[in-house]
Structures are given as C-alpha cells and as structure tokens.
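One letter stands for each residue in the lines below.
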Amino acid sequence: MTTSPLITLSKVGKQYPKLTALNLIDMQLNQGEVLGLFGHNGAGKTTMMKLILGVISPSHGEVNVMGVAPDTKAAWHMREQIGYLPENVSFYEHLTGLEVLTYFARLKGFYPKAAKQHAIELLEQVGVAHAMKKPVKTFSKGMRQRLGLAQAFIGKPKLLLLDEPTVGLDPIATADFYQTVDQLKSQGTSVILCSHVLPGVEQHIDRAMILSSGNMLAIGTLAELRQQANLPIKITPHGLNGTLRHDAHLLKYLSNDESDSILKVPEQDKVAMLRYLLTFESICDIDIDKANLEQVYQYYLQQNKNVGNDKKLSAGA
Amino acid sequence: MNQILAVAGKEFFDGLRNRWLISITLIFAVLSIGLTYFGAVASGEVGVTSLSTTIASLASLAVFLIPLIALLLSYDSFVGEQESGTLLLLLTYPLSKTQLLLGKFIGQGGIIALATLLGFGASALILYLQVNDVEVLRLFSTFIASAVLLGLSFTAIAYVISLAVNEKSKAAGIALLIWFFFALVFDLALLALLVGVEQGVSQQGLTQIMMFSPSDIFRLVNLAGLDSSDVNGALAIAIKSSLTQGQLFLVLITWVMLPLIGANFIFMKKTL
C-alpha cells in the first residue's frame with residue numbers, strides 16, 4: 001500500500017474560450033478520506049470531477065490520480081478503480097435496472113455471468129432489487145438515483161466521485177447512503193462528495209472544500225474551517241427571561257438581529273460564558289449551537305463577495 | 001474486446017427490442033416480393049417478371065430506403081446518449097472512444113445487415129424456387145452485399161452527424177438533409193451537368209463524379225450487369241465506363257471506412 005496521496009492537484013486550472021471554469025486549485029486526497037466539495041451551480045465542482053476522471057484535460061497545472069495523469073492512455077487501468085455518479089444522468093429507459101447495471105459491469109471488465117451476479121448484489125445493496133426486472137422508465141426519482149449509486153459502486157472502486165448523490169433520496173435512503181459511504185471509507189475507499197451544502201453531510205466528511213466561480217475559497221477539516229472563519233457559537237439560555245438585557249456583561253454578546261435570547265459567543269469565550277451563566281439561579285436549560293457547515297459555507301461565500309466588491313471599488317476609484 | 005462486444009450486444013438487442021429489426025426486415029421483404037411479382041403489372045402481366053427488371057426496380061427503391069433507414073436508426077446514437085448523460089459516464093469507464101464507436105457500429109450495422117439479408121434474401125429464395133435459375137442467386141447476392149455496404153456506409157455517416165452536433169433535433173435535421181442530398185440532389189445536379197453543359201464532362205469524368213455518392217456506386221454495382229434496356233438516364237452512360245464490379249465494391253467499402261474514420265476523429269476531438 002502506498003502512502004502517497006490518491007489524488008494530487010497542483011495549480012490546476014481549466015479555461016474555456018469564454019470562461020475560467022477552475023483557477024489554481026491545489027488539493028490532495030488520501031486513501032480512505034472523504035472530501036466534501038461545496039459550491040453553487042457553476043462553481044466548478046463538475047469541472048473538477050471531470051479533470052480527475054480524465055474526461056477533460058487541464059489548461060494549467062497537473063492532475064495526478066493513483067500515480068498517473070488521468071487524461072493519458074496510461075490511466076487505463078486506473079479507470080477500473082474509479083466509480084462515478086454524474087449529476088444528471090438518465091439511464092437507458094427501455095432497459096431494466098438489472099440490464100443497465102449488467103451492461104455497465106461488463107464495460108468495467110466483468111465477463112457476462114459475473115457481471116450479472118455482481119449487478120444483482122449491488123441492486124440488493126442499494127435496495128432496488130425488487131424492481132430490477134422492470135424497465136428504468138417506471139422507476140421513481142429515488143430509485144433512479146439508487147441505480148446510479150449502484151452503478152458507481154461496480155467493481156469495489158478505490159475512488160468514488162459522487163455528484164449530488166442524495167438528490168431525490170428520501171430521508172431514510174439518505175441515511176442508508178451515508179451509512180454506505182462510512183462503510184466504504186472504513187474499507188479504504190476515498191470519496192469525493194459533490195454537493196450543495198446539505199444538512200447531515202458534515203458527520204460523514206473528513207474535509208471540506210469550498211469553491212466559488214472556479215476559485216478555491218477554503219479547504220480543511222470542518223474544525224479548521226470553523227476556526228478560520230471564527231464564527232461565534234450561539235448560546236441560548238432558558239429561564240433567564242429579562243435578565244439578559246439588564247446584565248451588562250451578557251448584553252455585549254446579545255445578538256440584535258435575531259430573537260433576543262441568543263448570545264453570540266466567540267469560540268474561546270465559550271467555557272467562561274457557560275460558567276457565568278450557571279451562576280444564575282433561575283437558569284433551567286442551555287442550548288449550544290456550533291456554527292454548522294452551512295453557516296461556514298455562507299461565511300466564506302460572503303467573504304469572497306466582499307473581497308470582490310472591494311476590488312471593484314478600488315478599480316473604479 | 002469484451003467491452004466492444006458488450007456495446008455491440010447492447011445496441012443489437014436495442015434494435016431487436018424496439019422492433020427495428022423486424023420492421024426493416026418486413027419492409028424489405030414486402031417490397032422485394034411485391035416488386036418481384038407485380039413489377040410488371042403496368043405492362044399487363046402478373047407473375048415473375050424478368051430478373052433484370054426486378055433487380056433494377058429493387059435497386060432504385062433500395063437506394064432511397066436503405067440510407068433513410070440507416071440514418072434513422074443511428075442519427076441519435078451518440079447525441080442521444082450525450083443528452084441523457086450516459087455518454088459522459090461511458091467515457092469514465094475503461095473503454096476507449098474507438099471501442100465505443102466500433103461497438104455501436106457492429107451492433108447497429110448488424111441490425112441493418114441482418115434485416116437486409118433476411119428481407120431481400122426471402123424474395124431471392126422464393127424467386128429461386130420458382131425459376132430454378134442459379135443466376136437469381138448470383139444477382140441477388142451481389143445486390144444484398146452492396147445493399148449491406150450501402151446501409152453500413154450511411155450508418156457511419158449518421159455517426160459523423162451524431163458526433164458533430166450537440167442536439168438531437170439538429171442531428172435529425174442534418175440527417176434528413178444528407179439523405180435528401182444523396183437520394184435526389186446529387187443525381188439531379190449530375191443530370192443538369194450532363195444536359196446543361198455541352199462537352200462539360202466526359203464519360204470518364206462522369207463516373208468519377210459518381211464515386212462521390214455511395215448511392216450512385218450502389219446503383220452502378222447492381223445495374224452494371226443487367227441488360228441496358230432496363231437502365232436509363234445518366235447511369236446508362238456511366239455503366240459503359242470501365243470500372244469493374246470488384247472496383248466498385250472497393251469504392252463502396254471505402255465509403256464505409258472513411259465516414260467511420262471521420263467519426264472517430266470527431267469523437268477524439270469532442271469535449272463533453
């Protein structure tokens with residue numbers, strides 16, 4: 001087993017005639033690591049996936065996946081070890097679920113019998129085995145998405161690239177999906193999850209990368225990002241009623257924009273604040289709300305916008 | 001190889017499933033049997049007419065039908081998968097673009113070839129049983145072989161269209177125009193050239209120009225061996241020229257290979 005990263009992007013950029021899709025991206029992904037890739041539509045998420053898949057070539061910089069450049073012929077065997085779920089894919093409507101999956105398994109190098117066997121196992125794993133003999137055109141959105149996932153799991157890939165994997169899945173299926181991701185991760189599979197920020201994704205990713213119009217705004221573990229962003233923790237004490245407004249120390253932290261019982265406390269003041277709150281006799285409960293991924297994401301986007309505006313202003317002046 | 005076969009198998013079974021094979025076979029069979037028996041109704045006879053008349057009328061019908069069917073079958077082969085997103089997915093598989101192209105060509109070409117063989121072969125067999133003349137089999141095998149090549153040629157042309165555009169509707173439009181061009185415009189232009197421009201083209205030159213249309217080569221292959229009384233127009237002049245049937249077949253095969261190579265070239269350049 002190698003210790004070198006599974007994927008290395010160094011100063012990677014992708015330029016189209018009229019637009020810069022990606023700009024100076026540096027990134028590494030290790031084996032067994034799950035990276036969340038976040039950004040709005042058109043932020044460059046799909047472009048980055050295509051670069052890693054070798055479907056397109058970078059305009060600048062170097063992409064290295066499992067020791068080879070993915071857009072060369074040498075990357076041939078690497079492709080057997082990559083699973084990809086595209087964002088909007090509609091499989092061959094007139095084929096049955098089993099036929100679709102058997103076809104893709106054969107293209108991954110399975111021989112006919114083994115391909116069918118593997119396809120059935122995967123369909124059972126994602127929970128559409130009951131409908132595998134029905135044509136895909138009769139599938140619901142969620143079932144199609146599960147079929148797509150099964151397709152990405154063909155051949156136990158070492159690297160999974162999933163573009164919006166939970167779109168169309170109901171909460172239970174989403175939970176099932178994340179469980180599968182955790183399981184694959186423990187088996188040493190690396191995963192890149194591409195998504196709009198979704199609640200529930202944060203427990204399942206090791207690191208997050210935030211993209212906006214082709215630029216990398218931030219990359220790191222959630223804790224690192226939170227620290228960099230220095231977002232306050234929201235503390236909601238219950239039972240104090242009016243006391244909050246009358247206490248000079250607490251008043252400093254009181255947020256004005258939201259409901260008047262939430263305190264916004266910087267990370268480093270958290271424990272001190274809790275101690276202070278506990279001195280009140282009447283307190284009966286305390287809610288602590290760490291900044292979640294969505295807020296961190298919003299913060300970085302906002303930050304980026306401000307920088308952009310500043311640049312525009314200085315350019316105008 | 002496993003991958004090429006997988007693609008070919010899928011395309012072939014698609015052709016079976018959506019009734020392409022059966023409908024094309026039926027169309028060809030009905031037409032050829034009909035022409036064989038009722039081709040001479042206009043001159044007051046019913047029954048097996050002269051062999052050369054039959055082949056001549058079959059050829060002039062097939063030259064319209066086969067390209068149309070091949071284009072219809074294959075025009076959305078790539079652009080359709082591009083629109084549904086599976087083309088991008090396929091390209092992330094350990095499958096080269098050439099393998100995908102070849103696989104599709106073998107599968108869909110197989111449908112066209114089999115339908116041609118079964119459809120026209122049926123009437124050849126019936127005719128042979130009626131007249132018991134080996135000449136029937138000889139002429140029909142030439143006819144069927146060239147018809148298959150004509151079909152494959154237009155399948156490859158359809159791939160060029162399908163890979164060159166990014167919208168299915170555009171591909172359909174262009175396919176129709178291509179068909180119209182080779183079925184009608186090319187010959188009309190040729191005729192205009194012959195009639196309108198005095199001393200414009202020599203017999204040799206005319207035959208050379210005809211090599212630019214797979215439809216005309218197909219006609220030449222089939223009509224060259226017949227009594228010239230059943231053949232008229234520009235063709236009659238061209239037939240008298242010196243190309244042998246073998247050479248004509250070679251040119252027809254070139255007309256299969258060139259578009260296929262062209263399609264492969266476009267595919268290599270194509271970004272998704």
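These numbers come from a predicted model, not from an experiment. (Residues numbered from 1 in each chain as written. Chains lettered and ligands numbered in written order. Predicted model: local features only at pLDDT ≥ 70, side-chain atom pairs only at ≥ 80, totals over all residues. Heavy atoms only, no water.)

A. Region of the structure containing the overall build of chain A. Secondary structure summary: chain A contains 10 helices and 12 strands in total. Reported as C-alpha extents along the three principal axes, the dimensions of chain A are approximately 75 × 55 × 40 Å. Within chain A, buried positions represent 48% of all 317 residues. At a minimum sequence separation of 6, the contacts of chain A that also span at least 24 residues come to 67%. Separation of charge centres in chain A, based on 32 positive and 30 negative side chains, amounts to 9 Å. (Helix = DSSP H or I, 4+ residues; strand = E, 2+ residues; numbered from the N terminus. Buried < 20%, exposed > 50% of the residue type's maximum accessible area, 1.4 Å probe, protein only. Contact = heavy atoms within 4.5 Å. Lys, Arg positive; Asp, Glu negative; His and termini not counted. Charge placed at Lys NZ, Arg CZ, Asp CG, Glu CD.)

B. Structural context of the packing of helix H3 (residues 51-74) of chain B against helix H8 (residues 168-196) of chain B. Residue and element names in this part refer to chain B. Remark: H3 packs on H8, axes separated minimally by 10 Å, with the N-to-C direction vectors making an angle of 165°. The pairing of H3 with H8 is recorded here as roughly antiparallel in orientation. In the packing of H3 onto H8, the handedness of the crossing is right-handed. For the pair H3 and H8, contact is made by Phe-64, Pro-67, Leu-68 and Leu-71 and by Ala-175, Trp-179, Ala-183 and Leu-184, respectively. Of the residues that constitute the contact of H3 with H8, the class distribution is eight nonpolar, no polar and no charged. (Axes fitted to C-alpha atoms, helices over the stretch in contact; angles between N-to-C directions. Parallel < 35°, antiparallel > 145°, perpendicular 65-115°, else oblique. Left-handed = near helix turned anticlockwise from the far one by under 90°. Nonpolar A, V, L, I, M, F, W, Y, C, P; charged D, E, K, R; others polar.)

C. Focus on the sheet that holds strand E10 (residues 233-238) of chain A. All names here are of chain A. Taken together, the three strands give an open sheet; going across it, the order is E11-E10-E12, and neighbouring strands pair in antiparallel fashion. Pairing within the sheet leaves two strands with one partner each, and these edge strands are strand E11 (263-265) and strand E12 (285-289). Geometrically, the sheet is characterised by an average inter-axis angle of 25° between neighbouring strands, direction not taken into account. Packed on one face of the sheet, helix H9 (residues 270-278) meets E10, E11 and E12 and runs near 5° to E10. (Pairing = 2+ DSSP bridges.)

D. Molecular detail of the confidence of the model for chain B. Here chain B averages 87 in pLDDT, and 88% of its residues register 70 or above. Two summary scores accompany this predicted model of the complex, namely pTM at 0.87 and ipTM at 0.87. (pLDDT = per-residue confidence, 0-100.)

E. Molecular detail of the pairing of E10 of chain A. All names here are of chain A. Where burial is concerned, most of E10 is hidden: five out of the six residues are buried. Pairing analysis gives three bridges linking E10 to E11, with the strands arranged antiparallel. By the bridge assignment for E11, Ile-235 is matched with Leu-263. Direction of pairing for E10 relative to E12: antiparallel, over a ladder of five bridges. Residue pairing across strands places Ile-235 opposite Ile-288, the latter belonging to E12.

F. Representation of the side chain of Thr-116 of chain B. Residues and elements named next belong to chain B. Mapped onto the elements of the fold, Thr-116 is located in helix H6 (residues 97-131). On the accessibility criterion, Thr-116 (0% relative accessible area) is buried. A distance of 2.6 Å separates a polar atom in the side chain of Thr-116 from the backbone oxygen of Ile-112. Sequence-distant contacts of Thr-116, that is, excluding residues within four places in its chain, are made with Phe-28, Gly-121, Ile-144, Ala-147 and Val-148. (Polar contact = N/O pair within 3.5 Å; in protein donor to acceptor, adjacent residues only side chain to side chain.)

G. Expanded view of the packing of aromatic side chains. Residue and element names in this part refer to chain A. Tallying each qualifying case throughout the model produces 20 aromatic pairs over all chains. Centre to centre, the rings of Phe-91 and Phe-104 are 5.7 Å apart; their planes meet at 75°, and the pair counts as edge-to-face. One end of the pair, Phe-91, is in the loop between strand E5 (82-85) and helix H2 (97-107); the other, Phe-104, is in helix H2, and 13 residues separate them in sequence. With respect to burial, Phe-91 and Phe-104 carry one shared label: buried. Note on Tyr-103 and Phe-104: the rings are 5.7 Å apart at their centroids and 55° apart in plane angle, and the pair reads as tilted. On the basis of relative accessibility, which here comes to 6%, the residue Tyr-103 falls in the buried class. (Phe/Tyr/Trp six-rings, centres within 6.5 Å; stacked < 30°, edge-to-face > 60°.)

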